[in-house]
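What the coordinates show
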Amino acid sequence: MKKLNEYTQNVPLRIITIQVVAFVLLTILGVRLYYLQIVQGEYWSGRAENQRVRFIPIPAPRGAIFDRNGKILVDSRPTYNVVISNEPLKKIDVSDRVPEYSKGLNLEPDFVVERLNLIKKQNEFETLVLKESATMQDIAWVESHGLEFPELRVELQPQRFYPYGTTLAHVLGYVGEISPKQLESETYKSKGFRPGDIIGKGGLEQSYDEFLRGRPGYRKVIVDSRGRVQSEIEVVQPQAGQDLISTIDLDVQLAAEQQLANSVTKRGAIIAMDPNSGELLALASAPSYDPNIFVQGSKTPEGRKQIAAYWQDEKRPLFNRAIQGKYPPGSTWKIPESMGALQQGVITVQNSNMVCGGGIQIGSKFTRCMGSHGAPPLSYAITKSCDGYYYRLALKMKVEGLIQMIETFDFDKRSGIDIPNEKVSETPKSWKPIIEKREGRWSDIRTVYAAIGQDTVVVTPISLLRAVASIGEHGKMYVPHFLKEFKPIGAVGEEGSTSYFPERPGFGFDHPEPKQVPMTDEQYELMVKGMWGVVQGGGTAGSIRIAGFDIAGKTGTAQVASLGKDVGGKKDHAWFVSFAPAYKPEIAVIALIENVGFGGSHAAPAARGVYEAYIAKRYNGVPPADATVEPKLVAKR
Amino acid sequence: MVAIIEKRDLRDFDWLTTVLAIAIASFGIWQIHNALPADSYWTKQIIGLGIALFAFFVIAFSDYRRIIDLAPFFYGFGLLLLALVLTPLGVEVNGQQAWLKLPIIGQFQPSEFVKIPTVLMLAKYFGQKKHGALTLREVAIGAAILGGPVGLIMLEPDAGQAMTYFPILAAVFFLSAIKIRYVIGGLLLTAIMVPAAYMIGVKTGKIKKYQQERINAIIDPESVDPRGYGYHTIQSIITVGKGGLSGIKGETETSQSVLKFLPEPQTDFIFAVTAENTGFIGCISLLLAYALLLSRLVSGARESNERPGMLVIMSFATALVFQIFINIGMALGFLPVIGVPLPLMSAGLSALLTTFCAIGFVVSIRMRRFVN
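Numbers given for residues are sequential positions, taken from 1 along each chain in its written order. Whichever chain is written first becomes A and whichever ligand is written first becomes 1, with later ones labelled in order. In keeping with the predicted nature of the model, local features appear solely for residues at pLDDT of at least 70, side-chain atom pairs appear and are counted solely at 80 or more, and the whole-chain, interface and lining totals rest on all residues.

Secondary structure summary: chain A contains 22 helices and 21 strands in total. Counts of 20 or more other C-beta atoms within 10 Å of a residue's own C-beta define buried residues, counts of 12 or fewer define exposed ones, and intermediate counts define partly exposed ones; C-beta atoms are placed from the backbone. The burial tally for chain A puts 45% of its 637 residues in the buried class. A pair of residues counts as a contact when their C-beta atoms, built from backbone coordinates, are within 7 Å of each other. Long-range contacts, defined here as pairs at least 24 residues apart, represent 73% of the contacts in chain A between residues at least 6 apart. Labels follow the DSSP assignment, with helices taken as runs of H or I lasting at least four residues and strands as runs of E lasting at least two, numbered in each case from the N terminus.

In C-alpha cells:
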C-alpha cells in the first residue's frame, strides 16, 4: 500500500477522481430521466398513443337510384382498392418503388410518382388509394409482396356503377373524389369533408348527395410501426345511404335517347314530363357520356384521356342541353306569346283575327311570312304557324307586353328542376336594357324578330316545355322534378352511444304550389284548338298523328345565324313542343334537334317516338277511348 | 489455472459484487422478455447467463497474476481472432463484419472479448511502473497496445465498439501518473477538436449525411425529419417518456417494442424498454445498482496491494461507466445513436460473457488482497 502513495503518482486521489466522474455521469442520466419520465411523461405517453391507435374507415354503401317502376339505374358494387400508407415509407427512398409498383400493378410510372409525392406530403399514418378496381392479379401481387412492400394493402371499397352507361348520364351525374377547391369552399368544409371523400358530382348524385350518402363507420385499431393491424379496440358500423326512387320511366327514357340517336345530327334534347305534377318521365341530351369513366377512370391514364376527350369534344357531350342549352325557340314561342296576348286583351277569344299580309315592312326591311294566310283567327295562325299574324300581334303587344308574358311564364327564372346547373333563358326582358344602352332604343324590328322566337329570344328546353305544358293544364305550372321518394333507413348502433346513427325517415318531393297562369276556359279552348290542329287538323306536324291519341303541339324551326340569310352548314334547329291527349293531358313532350331543318319533319317525329313508347308502356299499345276529339274542332281560316 | 478452492477463498469471496452482477443480468433478462415476449432472445440470454457464470467462477477462483503473466499470449490470440473476422470466416450483419462463425463454438463477436486481453496487456506493462511521471515512451507503447485491436475493429468497421476501448487507455494513463496539465490540456483539446472536426467533416463531406442527421437528431429531435435518421432517437425518447413514474404495468401487447416502433429493443435500446416497463422507479433502481457495482469495483481497486490488479479493475470500471453512459445517453436522446450495448442488460452472449469475465477478474483480485 505504501508504495502506491508516492507523491508523484497519488493513485488513491486519482481513483476517487474517476469514481466521482462516474457518479456525475450517472447523475446526469438520472436528471435527464426525471425530466423525460416525470416532467414530460404525459406528453410522450400521448405521442405513443397517437402513433399506435388508428381509425380505419368502413365505407357506407351509397343509396341506389331506381326508376319509377323499380328498375335499378345506379348502384354500388364491391371493388378492391390497393391503398398505400405513408408510415413504412418514411425511412426509405421511395424512388426504387416506382418501377416495382408500375410493373406489379400495371400503372404508369408518372402516376406512381405523383401518388408517392402526395402520400409523402400527408400527415403521418395517412393512407391513399394507389390503384382503384384492383384485378385478381393486382391483389395477388400485393399479398405476395407483403414483406417487401409493407406499405401496400388491399381494401374493399363499394364503387358506384351505372349499368346503363351513357343512358340518363346527365340526370344521374356521377361520383368522384372531392376536389381540393371544393374542400376549401364553405359548403363542404362546414360538413366536415376530408380529402379522398366521395361526393356526388352533377345530376341527382349531386343534388341529393346528403341523402344518398351513407354515414361511414370505422374500426379503431392498434397498429405496429409498419401500419399493420395488431388488434381491434372498437368497431362502429356504418349506416347505408337512402335509396332514391325517381320519376324516370326507363322505357320512355330509352325511347327518347333512341330518337336522338336516330336523328340526322344526333344532337339535341328530349324531355317528357307529367304535366299534372311536374314528374319527369324522361330527360335526354345527346351526345351523352359514360359516368363510369369518371368513377373508375380518373385514376388510370386511359380514363383520364377519355375524360379530357369529353371536355374537348366540340359536340359537348358533358353539356346537358335540356336544362343548360339556350336555343332560339322559333315558332314554338308563339304559344306563350298567344296566351300572353289573350291575357293582356290585345286579342280576344271572340276577335282574335290579325292580318298575315305575307310579311311586314319595317322601315326599309320587309320580313316575310312562309305563306299567305289572309287575316286568320288565332287557332288557325297556330295550326299553320303564320308569321305575319305574329309580327302584327307582337307590335300590338309591344315589347312591354312580351316582357309581361315572359314574366307570366317564368322565362326569366329557373324552372326549379332538382338537378344542378340549370341555366336561365335569355329574353327581351334581359336584353332590352342592354340593347337600349348599346343602340339607344329598342327598335320595332327587334319586336318583330322576338315575335317568332328569334334574335333576343333564346330559351332552355325545360323552360319552354314547362310553359307550353301549362296550357293543357288550364294554366297550372308545376316544378319539374325527378325525385319521387327516398326510402327510409333504420338506425344503427345503440341509442345514446357515440356510435349511434339515428333512423333516417323516408320522404317524397317537396312540391311547391304550382304557379297559376290566369286563363279562362274560352282562352284554353282556343289555344288547345290551335295546337290540336297542328297535328290532327292539317297543321305543320300532320305527319306524326297517332290514331286514337290526339296530340296538341307546336312546331318550331329556329334560324341559327342572322334572320333571313342562308347560312349553309349551320342549319336550323328543329323544335316540337306538345302534350297529349290534347284535352286531358297525361304527358308533355318537347323535342329539339340541333341544326337539322324543319321542326315538323325532324323534331315532331322524334316526339312521336316518345309518345309511342309511352302508349306501349302505359296502355299496352292501345290508346284510351277518350284520348281523341271530333274533327269539328279543326281550326278554320 | 483453476486453483483448488480453499476455505479461505470462500470467506474472502466478494459475494456482494457477484450477487449484484447476477441481479442486474436477471433484471436484464426480464426486460429482454418485455421487449420481445414472442421471441427467444430472453431464453437465450438465460443460457448465456449460465455460461457467463461458469466462466466467471473459473476466473474468480484462478490466480489473476498468472493470467496477467500470460497476457501477451492472450493478446496475440485476440488479435488473431480480430484478423479472422476480416477473412471469409467473418459474418457480415448490417454492413459490419463484426462476427466470427466457427464450427462447434458458433457465432460470436471477438471485439467484445478482446477488451480483456487488451486490459491485461496494459496492466502487465503499466503494472511494472514504479516512479515518476508518465513518459512519452510509455505513452507510445500504451497507444501501440491499444492500436492493434482498435485498428482491426475499425476495419470491420465498428466505430462504436472501437470507441469503448479508448477509456481503458485513458484510465491507465491517468493512473500512471500522467501530469495533470496534460489531462486538462487533453480535455480542452477535445472540447475544441470535437466541434471543429465535425465542422470540417461536414464541409469536406467526410461525415455522411446520415451521420449528420443522427447528430442533429439529438440537438433538436422534434424538428428533425421523423421519417429519417431522427426516427430512432425520437422513438426512444417517446418510449422512455411513456414509462412515467412506474411504467406500463404489464401492458406489453401495445408496448413500443412489441409494436416495432422502437428499433433494436433487446440490444441497443434495452434501457428504453426498461424505462417503458418499469418507469422512473425501475430506471433509478438500475442506475443505483450500477453505482453500487462501481463502488464495489473501485473499493476493490483501492484495497488492491498490487499495481497490475488495481489497473485491471479500474480499466474495467472505466470501460463499464463509459458504456453505460453512452448507451443510456443514446436512449435518453442526448447522445447520437451508436451501437454500444448496455453492460449486463443488452441481449447478446459475447457482451454478457465479457462483462462477467471482467467482473471475475475483479473478484479474483479482491479475493487475493490479503495474499503476501
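That was the structure; now back to the text.
The number of helices and strands found in chain B is 16 helices and 3 strands. Counting all 372 residues of chain B, 51% fall into the buried class. For chain B, contacts bridging at least 24 residues in sequence account for 72% of all contacts bridging at least 6.

What follows concerns the interface of chain B and chain A. On the side of chain A, 38 residues touch chain B, which itself brings 45 residues to the contact. It is helix 14 (residues 270–303) of chain B that contributes the most residues to the side of chain B that touches chain A, 12 residues altogether. When residue character is reported, Ala, Val, Leu, Ile, Met, Phe, Trp, Tyr, Cys and Pro are called nonpolar, Asp, Glu, Lys and Arg charged, and the others, Gly included, polar. Across the side of chain B that touches chain A, the residue classes tally to 28 nonpolar, 12 polar and 5 charged.

A separate point is helix 3 (residues 97–104) of chain A. Residue and element names in this part refer to chain A. Residues of helix 3 that are buried: Arg-97, Tyr-101 and Gly-104. Mapping the buried residues of helix 3 onto a view down its axis gives an arc of 80°, with all of them on the same face. Opposite the packed face of helix 3, turned more than 90 degrees from it, sit the exposed residues Pro-99 and Lys-103. Tucked into the core, helix 3 has its buried residues touching helix 4 (109–121), strand 4 (127–131) and helix 5 (136–144). Directions from the helix axis toward the C-beta atoms define the arc.

Cis peptide bonds are those with omega within 30 degrees of zero, and the linkage from A:Ala286 to A:Pro287 qualifies with 0°. Looking at where A:Pro287 falls in the secondary structure, it is placed in the loop between strand 12 (280–286) and helix 12 (291–297). For the peptide bond that leads from B:Glu156 to B:Pro157, omega is -10°, which places it in the cis range. Relative to the assigned elements, B:Pro157 resides in the loop between helix 8 (136–154) and helix 9 (159–163). Positive phi values are uncommon outside glycine, yet A:Lys266 reaches one of about 60°.

In this section: the sheet that holds strand 3 (residues 106–108) of chain B. Picture the strands of a sheet paired through backbone hydrogen bonds; they go either parallel or antiparallel. Residue and element names in this part refer to chain B. As summarised here, the arrangement of the 3 strands in space is 1-2-3, forming an open sheet in which the pairing is antiparallel. The open sheet has two edge strands, strand 1 (90–93) and strand 3, and neither has a second partner. Direction aside, neighbouring strands of the sheet carry axes that sit 35° apart on average. As paired strands, strand 1 and strand 2 (residues 96–102) are joined by 4 bridges and run antiparallel to one another. Looking at the pairing, Gly-90 lines up with Leu-100 of strand 2. Helix axes are fitted only over the stretch in contact, all axes being lines through C-alpha atoms; the angle between N-to-C directions runs from 0 to 180 degrees. Together, strand 1 and strand 2 form the strand contacts of helix 5 (residues 71–85), whose direction differs from that of strand 2 by roughly 110°. When DSSP locates at least two bridges between a pair of strands, those strands are taken to pair.

So, about the packing of helix 7 (residues 115–127) of chain B against helix 8 of chain B. All names here are of chain B. Close contact between helix 7 and helix 8 brings their axes to 10 Å; oriented N to C, the two are set at 165°. In terms of axis orientation, helix 7 runs roughly antiparallel to helix 8. Seen from above, helix 7 lies across helix 8 with right-handed handedness. Between helix 7 and helix 8, the contacting residues are Thr-118, Met-121, Leu-122, Tyr-125 and Phe-126 on the first element and Ile-141, Gly-142, Ile-145, Leu-146 and Pro-149 on the second. Here the residues of the contact of helix 7 with helix 8 are counted per class, giving 8 nonpolar, 2 polar and no charged. Orientation categories follow fixed angle ranges, with anything under 35 degrees roughly parallel, anything over 145 roughly antiparallel, 65 to 115 roughly perpendicular, and all other angles oblique. If you view the pair so one helix is near and one far, a crossing is left-handed when the near helix is turned anticlockwise from the far one by less than a right angle, and right-handed when it is turned clockwise.

This part takes up the confidence of the model for chain A. Residue and element names in this part refer to chain A. On a scale of 0 to 100, pLDDT captures the predictor's confidence in every residue. Residues of chain A with pLDDT of at least 70 account for 94%, and the chain-wide mean is 88. The spread of mean pLDDT over the elements of chain A runs between helix 8 (residues 186–189), the lowest at 78, and strand 11 (residues 268–273), the highest at 97. Segment residues 1–7: pLDDT under 50, and 4 contacts once partners within four positions in sequence are set aside and those in other chains are kept.

Our next topic: the sheet that holds strand 8 (residues 217–223) of chain A. All names here are of chain A. Across the sheet, which stays open at both edges, the 3 strands sit in the order 1-8-9 with antiparallel pairing between neighbours. Since the sheet does not close on itself, it has two edges, and those belong to strand 1 (53–58) and strand 9 (229–236), each with one partner. Sheet twist, expressed as the mean angle between neighbouring strand axes with direction ignored, is 30°. The sheet contact formed by strand 1 and strand 8 spans 6 bridges and is antiparallel. Bridge assignment links Pro-57 to a residue of strand 8, and that residue is Tyr-218.

Secondary-structure assignment places A:Asn292 in helix 12. When residues no more than four places from it in sequence are discounted, the contact partners of A:Asn292 are A:Phe161, A:Tyr162 and A:Gly165.

What follows concerns the packing of helix 5 of chain B against helix 8 of chain B. Residue and element names in this part refer to chain B. Helix 8 packs onto helix 5 with a crossing angle of 10° between their chain directions and a minimal axis gap of 9 Å. Here helix 8 runs roughly parallel to helix 5, going by the angle between their axes. Between helix 5, through Gly-78, Leu-79, Leu-82 and Ala-83, and helix 8, the contact on the second element is made entirely by Gly-148, Pro-149, Leu-152 and Ile-153.

Before going further, it helps to spend a moment on the nonpolar core. A:Ile270, A:Ile271, A:Ala272, A:Ala282 and A:Val610 are the most contacted members of the largest nonpolar core, which has 130 residues in total. Start and end points for every domain follow an automatic or database-based domain assignment. Here this core spans two domains, and each of domain 2 (54–168 + 217–246) and domain 3 (320–479 + 514–633) of chain A adds at least three residues to it. When residues no more than four places from it in sequence are discounted, the contact partners of A:Ile271 are A:Leu280, A:Ala282, A:Leu283, A:Ala322, A:Pro461, A:Ile462, A:Leu465 and A:Ile590. Among buried residues, those of type Ala, Val, Leu, Ile, Met, Phe, Trp, Tyr and Cys that are joined through C-beta atoms within 7 Å form a set called a nonpolar core. One finds B:Ala52, B:Ala123, B:Phe126 and B:Cys283 within the second-largest nonpolar core, a separate group that totals 113 residues.

Segments scoring low in pLDDT should not have their predicted coordinates read at a detailed level. Scored by pLDDT, chain B has a mean of 87; 93% of the residues are at 70 or more. The ipTM assigned to the predicted complex is 0.93, against a pTM of 0.70.

Moving on, we come to helix 1 (residues 11–39) of chain A. The span one expects for a helix is its residue count, reduced by one, times 1.5 Å. The end-to-end C-alpha distance of helix 1 of chain A is 41 Å, a good match for the 42 Å that 29 residues give at a rise of 1.5 Å each. The complete set of buried residues in helix 1 of chain A reads A:Val11, A:Ile15, A:Ile18, A:Gln19, A:Ala22, A:Leu29, A:Leu33, A:Leu36 and A:Gln37. The inward-facing, buried residues of helix 1 of chain A contact helix 2 (41–52) of chain A together with helix 10 (166–175), helix 13 (230–243), helix 14 and helix 15 (307–331) of chain B.

This next bit is on the pairing of strand 16 (residues 483–486) of chain A. On a regular strand, one side chain projects to one face of the sheet and the next to the other, so that they alternate. All names here are of chain A. Bridging between strand 10 (residues 244–246) and strand 16 involves 3 bridges; their strand directions are antiparallel. Bridge pairing in strand 16 links Ile-245 to Glu-485. Across 2 bridges, strand 16 lies against strand 17 (residues 507–508) in antiparallel orientation. Each residue of the ladder has a partner; that of Glu-485, found in strand 17, is Gly-508.

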